[in-house]
Amino acid sequence: MSINMQSYRKSYEKSSLDEHDLAQNPIDQFQKWIKEAEVSNTIEEVNAMTLTTLDTNGYPRPRVVLLKKVDANGFYFYTNYDSKKGKAIEANNKVSISFFWPALERQVIILGTAQKLSNEESEAYFHSRPKGSQIGAIVSPQSSPIPDRDYLEKRLEELTNAYKDKEVIPRPAHWGGYVVRPYSIEFWQGRPNRLHDRVEYLREGETWIKQRLAP
Ligand SMILES: Cc1cc2nc3c(=O)[nH]c(=O)nc-3n(C[C@H](O)[C@H](O)[C@H](O)COP(=O)(O)O)c2cc1C
């Protein structure tokens, strides 16, 4: 039986946004919102974000990755550099990131450029992960076609045995992080009657300007 999505109606009434009350710096504003999402205890994986890259045919490709850090440099995530997203970023490092926190009726959209993290930084994060995740990163040729599920299970077993008595699992060179340096960040707060609040920050040199956008 199909569902009737046309009759779905939701009035957004939880909060509002006044551009004059928002932080001067959008990173500070983002830190405030993600903290509020976390302490609301209503959202699983508050750090799950949709990262969109453009492939070499010009097709945008979205997928979810996890935000692992945010600071003045931008938004950090980790992945396989040989994956579809890794290859796309190699050819065109302009990306977008978006968050949707339904219980708070909030969306954030970030445009920016992705840069690889230093080996030291990727190394430090790789070794902070559980051993199983470290081995998983070696096992999976992310985004490449594989014959079947067994292929992964066998490689996992082989590598788990190989590293059984080893303290340190070497980070594969194809696994590491990126930081997305933002160029624009939009904060969206749902409001009644579809008259939502949208405030966009645009980078101008080392400062940011804010503007309200029509919903
Ligand atoms: C909740 C969630 C979190 C994920 N986190 C990551 C992540 O941090 N890094 C990653 O490479 N893939 C992550 N994935 C898997 C990606 O969505 C995607 O399948 C994978 O990175 C391959 O994408 P690509 O082929 O477009 O490069 C996550 C998926 C979900 C649903």
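Scroll up a little and you will see the structure.
Just so we're clear, the structure is a prediction, and the values are computed from it rather than from any experiment. (Residues numbered from 1 in each chain as written. Predicted model: local features only at pLDDT ≥ 70, side-chain atom pairs only at ≥ 80, totals over all residues. Heavy atoms only, no water.)

## Quick notes on the overall build of the chain
Which entries qualify depends on this criterion: Every helix listed is a DSSP run of H or I at least four residues long, and every strand listed is a run of E at least two residues long, numbered separately from the N terminus. Remark: exposure states derive from per-residue accessible area (1.4 Å probe, protein chains only) relative to the maximum for the residue type, with buried under 20%, exposed over 50%, and partly exposed in between. Note on contacts: a residue pair is in contact if any heavy atoms of the two residues lie within 4.5 Å. Surface exposure here means Shrake-Rupley accessible area, sampled with a 1.4 Å probe, where a residue is shielded only by the protein chains that are shown. Two residue types count as positive, namely Lys and Arg, and two as negative, namely Asp and Glu; His and chain ends fall outside the count. Charge coordinates come from a single atom per side chain, which is NZ of Lys, CZ of Arg, CG of Asp or CD of Glu.
Across its full length, the chain holds 5 helices and 9 strands. Dimensions of the chain along its principal axes, counting C-alpha atoms only, are 60 × 55 × 40 Å. Here the chain, with 215 residues, has 39% of them falling under the buried criterion. A separation of at least 24 residues holds for 63% of the contacts in the chain among residues at least 6 apart in sequence. Looking at the chain as shown, the accessible area adds up to about 12900 Å², and 50% of this sits on carbon and sulfur atoms. Each charge class in the chain can be summarised by its mean position, and for the 30 positive and 29 negative side chains these summaries are 3 Å apart.

## Some remarks on the packing of aromatic side chains
By convention here, two paired aromatic rings are described through the distance between centres and the angle between planes. Just so we agree on the cut-off: Centre distance within 6.5 Å is the pairing criterion for rings of Phe, Tyr and Trp, where only the six-membered ring of Trp is used; planes under 30 degrees apart are then read as stacked, over 60 as edge-to-face, and the remainder as tilted. Placement of a positive charge over a ring is assigned whenever Lys NZ or Arg CZ falls within 6 Å of the ring centre and within 35 degrees of the normal to the ring plane.
Across all of its chains, the model carries 13 aromatic pairs by this definition. For the pair Y78 and W175, a centre-to-centre distance of 5.6 Å together with 10° between the ring planes defines the contact as stacked. On the criterion of sequence distance, the pair formed by Y78 in strand β4 (residues 74-80) and W175 in strand β7 (residues 175-189) is long-range, its members being 97 residues apart. A single burial state applies to Y78 and to W175, both of which are buried. Among the aromatic residues, those joined into a ring-pair cluster are F30, F75, F99 and W101. Sitting over the face of the ring of Y76, K69 holds its NZ or CZ atom 4.5 Å from the ring centroid.

## Quick notes on the pairing of β7
Note the cut-off: We treat two strands as partners when DSSP finds at least two bridges between them.
For β7, the tally of buried residues reaches 13 of 15 residues, placing the bulk of the element in the interior. Where β4 and β7 come together, 6 bridges link them in antiparallel fashion. Looking across to β7, one finds that Y78 is bridged to G177. Sheet analysis places strand β6 (residues 106-116) next to β7, joined by 11 bridges and oriented antiparallel. The residue bridging Q107 from the neighbouring strand is W188, located in β7. The pairing of β7 with strand β8 (residues 197-204) spans 6 bridges and is classified as antiparallel. Across the sheet, S184 pairs through a bridge with L202, a residue of β8.

## Let's talk about a nonpolar patch on the surface
Rules: For patches, a residue must show more than 30% relative accessible area and have no salt bridge; joins then use 9 Å for like charges and 5 Å for nonpolar side chains, namely Val, Leu, Ile, Met, Phe, Trp and Tyr. Just to be clear on terms, a salt bridge is a Lys or Arg side-chain nitrogen sitting within 4 Å of an Asp or Glu carboxyl oxygen.
A contiguous nonpolar surface patch, about 380 Å² in accessible area, is contributed by I3, M5 and Y8. In this fold, M5 is placed in the segment before α1 (26-39).

## Comments concerning the packing of helix α4 (residues 131-139) against helix α5 (residues 149-162)
This is how it is decided: Comment: axis = line fitted to C-alpha atoms, over the contacting stretch for helices; angle = value between 0 and 180 degrees taken between N-to-C directions. The labels follow the angle: roughly parallel below 35 degrees, roughly antiparallel above 145, roughly perpendicular from 65 to 115, and oblique for the rest. Left-handed describes a crossing whose near helix is turned anticlockwise from the far helix by less than a right angle; the clockwise case is right-handed. Classification used: nonpolar for Ala, Val, Leu, Ile, Met, Phe, Trp, Tyr, Cys and Pro, charged for Asp, Glu, Lys and Arg, polar for all others including Gly.
With their axes 10 Å apart at the nearest point, α4 and α5 run at an angle of 125° to one another. When the axis of α4 is compared with that of α5, the two are oblique. The two elements α4 and α5 meet at a crossing, and its hand is right-handed. Seen from α4, the contacting residues are I135, I138 and V139; seen from α5, they are L152, R155, L156, L159 and T160. Here the contact of α4 with α5 is built from residues that sort into 6 nonpolar, 1 polar and 1 charged.

## With respect to the pairing of strand β2 (residues 60-66)
As judged from the 7 bridges shared by strand β1 (residues 48-54) and β2, these two strands associate in the antiparallel manner. Opposite L51, over in β2, you have R63 as the bridge partner. In textbook terms, the turn of a hairpin is the stretch between consecutive antiparallel strands, and for β1 and β2 this stretch comprises 5 residues, one of which, G58, has a positive phi near 90°.

## What to know about the nonpolar core
Here is the rule: Nonpolar cores are built from buried Ala, Val, Leu, Ile, Met, Phe, Trp, Tyr and Cys residues. Side-chain atoms within 4.5 Å join them into one set.
Of all hydrophobic cores here, the largest spans 33 residues; its most connected members are F30, F75, F99, W101 and V108. Among the secondary structure elements, those contributing two or more residues to this core are α1, β1, β4, β5 (94-101), β6, β7 and β8. Looking at this core element by element, the count peaks at 5 residues for α1. If sequence neighbours within four positions are ignored, W101 has contacts with F30, W33, I34, A37, I43, V46, R106 and V108. By size, the runner-up hydrophobic cluster in this structure holds 15 residues, among which are Y76, L117, Y125 and W175.

Shape descriptors only; they carry no functional weight alone.
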